[in-house]
Amino acid sequence: MQNMHTEIKKIDADEFDPEELLQAANILKSGGLVAFPTETVYGLGANALEELAAGKIYEAKGRPSDNPLIVHIANKMDINQLAKDIPETAYKLAEVFWPGPLTIILKKKECVPYGTTGGLDTVAIRLPANKIARELIELSGIFVAAPSANRSGKPSPTKAEHVIEDLSGKVDMIIDGGKATLGLESTIIDLTGEKPMILRPGCITQQMLSNVIGEVEIDPTILAPKMDHDFKPKAPGMKYRHYAPEGSLTIYEGDTNTVINEINKVTKEKVDNGHVVGIIATEETKSSYPSGVVKVIGSRKDEATIAAGLFDILREFDTLHAEYIYSESFGDNRLGQAIMNRLLKAAGYHINKLS
Ligand code: TXA
Ligand code: MG
């Protein structure tokens, strides 16, 4: 698998001819690997119902084999082919949020191999909104298993360049369809337990979900302060170290001025000692940091820009070989839970709460 030829195919998400996706669809149909854009992050696709094909994903990503894959479909009713004992709540959620950034976990039918579900009797299903993704699944005529298209442990890819960086030479094709607009992976909701439970927060929030199906719980490990021995997230993938930049990342939480002062203090210390320091700032604060490499993640006036900028900024600091990265905190908005879940993981749960 190492150093195979990887074809890079540019496709304009706003205006393309489905014919442009035929080759990619054929690769998927015949058991190969194709990375493609979705509205959340880029995915690495393979035939979900063929264990051998899905197995190639694990190899290309360097992914632990107990970490199950999300199966992507092009039509809502396809859940009936993949899942059994489907509760009414699943159809309600599909009606409101599909196509879109929601993954639903249901009991799997026999046709879904354990190689795709990481040995679990459940299956994660999502109908993506991105047109390229949907057209590709439709054209291939299969169900497409697709984790984020990064090497395991790296930040999820929000641009084709990120995928090329991580997977060039390891997959058959990478479709460059521009930026993933949301920038955070889908919300995962598990409907196989007594109560619906969010296993991974995302752009579809707890409030939005409970507006449709009533009470929804959240896996308590999602914002856990640290990885202690009680830390057993229900989504196997949530337990692995994730998104980690090369440098050591610390988050500072508190009122804006205190955070800025503290970040400036630690930055000066490190810079004076010859270290490369990166600062994750916002449009509102970028001019408050006189030293270090200051990068803007987005604007607090539009939290979606912060979600969309997170993974890219982590990769940019890797490119700069930042040894220390200091970040403001982003917990106090609607997407705060999803953003902080990723940022905390990237920081190895290293957060300084300033009063
Ligand atoms: O937005 C997304 O969901 C993206 C795009 C490509 O669709 N995909 C994605 O996949 O983020 P991945 O593999 O990076 O993350 C899937 C997460 C993992 O944490 C995995 O453990 C969990 O979903 N998961 C998958 N199937 C599961 C199951 N049956 N039960 C519990 N967790 C499951
Ligand atoms: Mg992932």
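See the structure above.
Keep in mind the model is a prediction, meaning the values are calculated, not measured. (Residues numbered from 1 in each chain as written. Chains lettered and ligands numbered in written order. Predicted model: local features only at pLDDT ≥ 70, side-chain atom pairs only at ≥ 80, totals over all residues. Heavy atoms only, no water.)

Trainee: Describe the packing of helix H4 (residues 88-97) against helix H8 (residues 206-213), listing the residues and the values that go with them.
Mentor: The geometry of H4 relative to H8 is characterised by a closest axis approach of 9 Å and an angle of 120° between their N-to-C directions. Regarding the angle of H4 to H8, the classification is oblique. The handedness of the crossing between H4 and H8 is right-handed. Between H4 and H8, the contacting residues are Thr-89, Lys-92, Leu-93, Val-96 and Phe-97 on the first element and Met-208, Leu-209, Val-212 and Ile-213 on the second. For the contact of H4 with H8, the per-class residue count stands at 7 nonpolar, 1 polar and 1 charged. (Axes fitted to C-alpha atoms, helices over the stretch in contact; angles between N-to-C directions. Helix = DSSP H or I, 4+ residues; strand = E, 2+ residues; numbered from the N terminus. Parallel < 35°, antiparallel > 145°, perpendicular 65-115°, else oblique. Left-handed = near helix turned anticlockwise from the far one by under 90°. Contact = heavy atoms within 4.5 Å. Nonpolar A, V, L, I, M, F, W, Y, C, P; charged D, E, K, R; others polar.)

Trainee: An account of the sheet that holds strand E17 (residues 351-353) is needed here, citing residue identities and associated values.
Mentor: Two modes of strand pairing occur in sheets, parallel and antiparallel, and in both the strands are linked by backbone hydrogen bonds. Strand order in the open sheet formed by 5 strands is E15-E14-E16-E13-E17, with parallel pairing between adjacent strands. Bordering the open sheet on either side are strand E15 (293-296) and E17, each of which pairs with just one other strand. Averaged over all pairs of adjacent strands, the angle between strand axes in this sheet comes to 20°, irrespective of strand direction. In the sheet, strand E14 (residues 277-281) pairs with strand E16 (residues 324-328) via 4 bridges, with the strands oriented parallel. Counted as the bridge partner of Gly-278 is Ile-325 from E16. (Pairing = 2+ DSSP bridges.)

Trainee: Can you break down the packing of aromatic side chains residue by residue, with the values?
Mentor: One pass over the full model with this rule turns up 2 aromatic pairs. Where Tyr-243 meets Phe-311, the ring centres are 4.8 Å apart and the plane angle is 35°; that geometry is what we call tilted. Here Tyr-243, found in the loop between strand E12 (217-218) and strand E13 (248-253), pairs with Phe-311, found in helix H10 (residues 303-319); they are 68 residues apart in sequence, far enough to count as distant. The exposure class of Phe-311 is buried, given its relative accessible area of 0%. Geometrically, the ring pair formed by Tyr-252 and Tyr-326 is edge-to-face, given 5.9 Å between the ring centres and 70° between the ring planes. Here Tyr-326 lies in strand E16 and Tyr-252 lies in strand E13, a separation of 74 residues in the sequence. A cation over an aromatic ring shows up here: Lys-108 above the ring of Tyr-114, its NZ or CZ 4.3 Å from the ring centre. Seen from the ring of Tyr-324, Lys-270 lies directly overhead, with NZ or CZ sitting 4.4 Å from the centre. (Phe/Tyr/Trp six-rings, centres within 6.5 Å; stacked < 30°, edge-to-face > 60°. Buried < 20%, exposed > 50% of the residue type's maximum accessible area, 1.4 Å probe, protein only. Lys NZ or Arg CZ within 6 Å of the ring centre and 35° of its normal.)

Trainee: Summarise the site of ligand 1; cite the residues concerned and give the values.
Mentor: As a structural note, the neighbourhood of ligand 1 is formed by 28 residues, with Thr-40, Asn-67, His-72, Ser-186 and Gly-237 the closest of them. The contact in question runs from an oxygen atom of ligand 1 to an N or O atom on the side chain of His-72, over 2.7 Å. Coverage of ligand 1 by the protein amounts to 97% of the 690 Å² it exposes when considered alone. When residues in the shell around ligand 1 are grouped by element, the largest group, 3 residues, is from strand E7 (residues 122-126). Residue composition of the shell around ligand 1, by class: 15 nonpolar, 8 polar and 5 charged. (Near = heavy atom within 4 Å. Polar contact = N/O pair within 3.5 Å; in protein donor to acceptor, adjacent residues only side chain to side chain. Areas by Shrake-Rupley, 256 points an atom, 1.4 Å probe, with all protein chains shown as cover.)

Function cannot be inferred from these measures alone, as they are strictly geometric.
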